[in-house]
Amino acid sequence: MPWCTDCDRFLSPSSVRDDGTCPHCGRAVEGGELAVRARETRRSAEPDEEPLPPIPWHLKLLAAAIVVYLAWRLVQGVDWLLG
Ligand SMILES: [Zn+2]
């Protein structure tokens, strides 16, 4: 946890400036370099967003068939309730 001796307070790693200094007083922070380095590695470790592959046609067909089936079962259910 980065600690600023001048402000006498802990800082969250994300609030430390990129050069490892305090955002309030601008002085170097104890553990600030570590926090910045951890932030950089975490940022570079994040995988790039890959575009999703298109939905396969048979999945769309299956979804359409399910919708038709459930609609038909709903009609049957309403018919059963009324009749
Ligand atoms: Zn400070």
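1. Side note on the coordination of the zinc ion
Each angle at a metal carrying four tetrahedral donors should ideally be 109.5 degrees, and each at a metal carrying six octahedral donors should ideally be 90 or 180 degrees. Donor atoms from the polypeptide that bind the zinc ion are Cys-4 (SG), Cys-7 (SG), Cys-22 (SG) and Cys-25 (SG), placed at 2.2 to 2.3 Å. Here the zinc ion is ringed by four donor atoms whose angles at the metal span 102 to 114°, and the overall shape comes out tetrahedral. Considered as a linear motif, the donors of the zinc ion on their single chain read C-x2-C-x14-C-x2-C. Of this pair, Cys-4 sits in strand S1 (residues 3-4) while Cys-22 is found in the loop between strand S2 (9-10) and helix H1 (32-45), placing the two residues 18 residues apart along the sequence. Among the residues examined, Cys-4 registers a relative accessible area of 0% and is labelled buried. We classify Cys-22 as buried; its relative accessible area is 0%.

Analysis parameters
Residues numbered from 1 in each chain as written. Predicted model: local features only at pLDDT ≥ 70, side-chain atom pairs only at ≥ 80, totals over all residues. Heavy atoms only, no water. Donors = N, O, S within 2.8 Å, 3.2 Å for Na, K, Ca; no water. Tetrahedral: all angles 85-135°; square planar, octahedral: opposite > 155°, others 65-115°. Helix = DSSP H or I, 4+ residues; strand = E, 2+ residues; numbered from the N terminus. Buried < 20%, exposed > 50% of the residue type's maximum accessible area, 1.4 Å probe, protein only.

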